[in-house]
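A structural walkthrough
So the chains spell out like this:
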Amino acid sequence: RNFRNIGFCWATSPKTDIDHWTSAINWYSKIVLNAPYLDDLNLITKAYLKRGLAYEVVGQHHKAISDLKRHLFIISPETNKLAHASLTRCRKEIQD
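Residues numbered from 1 in each chain as written. Predicted model: local features only at pLDDT ≥ 70, side-chain atom pairs only at ≥ 80, totals over all residues. Heavy atoms only, no water.

Look at helix α5 (residues 81–95): 21 Å from first C-alpha to last across 15 residues, which is about the 21 Å you get at 1.5 Å a residue. Within α5 the residues assigned to the buried category are Ala 83, Ser 86, Leu 87 and Cys 90. Viewed end-on, α5 has its buried residues packed into an arc of 105°, placing them on one side of the element. Exposed and facing more than 90 degrees away from the buried side of α5 are Lys 81, Thr 88, Lys 92 and Gln 95. Here the buried face of α5 lies against α3 (41–57) and α4 (61–74). For α5, the side-chain oxygen to backbone nitrogen distance between the N-cap and Leu 82 is 3.0 Å, and the N-cap itself is Asn 80. (Helix = DSSP H or I, 4+ residues; strand = E, 2+ residues; numbered from the N terminus. Expected span 1.5 Å × (residues − 1). Buried < 20%, exposed > 50% of the residue type's maximum accessible area, 1.4 Å probe, protein only. Arc of directions from axis to C-beta. Contact = heavy atoms within 4.5 Å. Polar contact = N/O pair within 3.5 Å; in protein donor to acceptor, adjacent residues only side chain to side chain.)

On to the nonpolar core, then. As a rule of thumb, soluble globular proteins bury nonpolar side chains together. Core analysis: the largest hydrophobic core is formed by 15 residues, its most contacted members being Trp 21, Ile 25, Leu 49, Ala 64, Leu 68, Ala 83 and Leu 87. Secondary structure elements with two or more residues in this core: α2 (18–33), α3, α4 and α5. Excluding its chain neighbours within four sequence positions, the residues that come into contact with Ile 25 are Arg 51, Ala 54, Tyr 55 and Val 58. Among the nonpolar cores identified, the runner-up in size contains 8 residues, and Ile 31, Val 32, Leu 43 and Tyr 48 belong to it. (Core = buried A, V, L, I, M, F, W, Y, C linked by side-chain atoms within 4.5 Å.)

The values are spatial; any link to function lies outside them.
Shown next, in the form of C-alpha cells:
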C-alpha cells in the first residue's frame with residue numbers, strides 16, 4: 001500500500017514539471033518491477049495505468065501505449081475509458 005499512496009501523491013500533486021512526473025513514473029515502476037512478488041493485482045493494474053498516463057504527460061508516447069495496453073490486457077479491455085482515451089491521444093501524437 002505504501003507504493004500506491006506515494007505514487008498517488010506524485011500523480012495528483014499540482015506540480016506539472018517533467019521532474020515531478022518522472023518521479024511518479026519511478027514510483028510506479030517500482031510496483032511494476034515487484035509485480036512477481038505482489039499479490040495485489042489491482043495495485044499492479046493501476047500502476048500500469050498511472051505510469052502510462054504519466055508517460056503520456058512527459059511525451060513518452062510509445063511507453064505510455066505499452067503500459068496502457070498492459071493495463072487493459074489485465075483487466076477487461078472495455079472497462080477503462082481513461083486508458084482508452086489516453087491510448088487514442090498517444091497514437092495521434094505518434095502519427096503527427
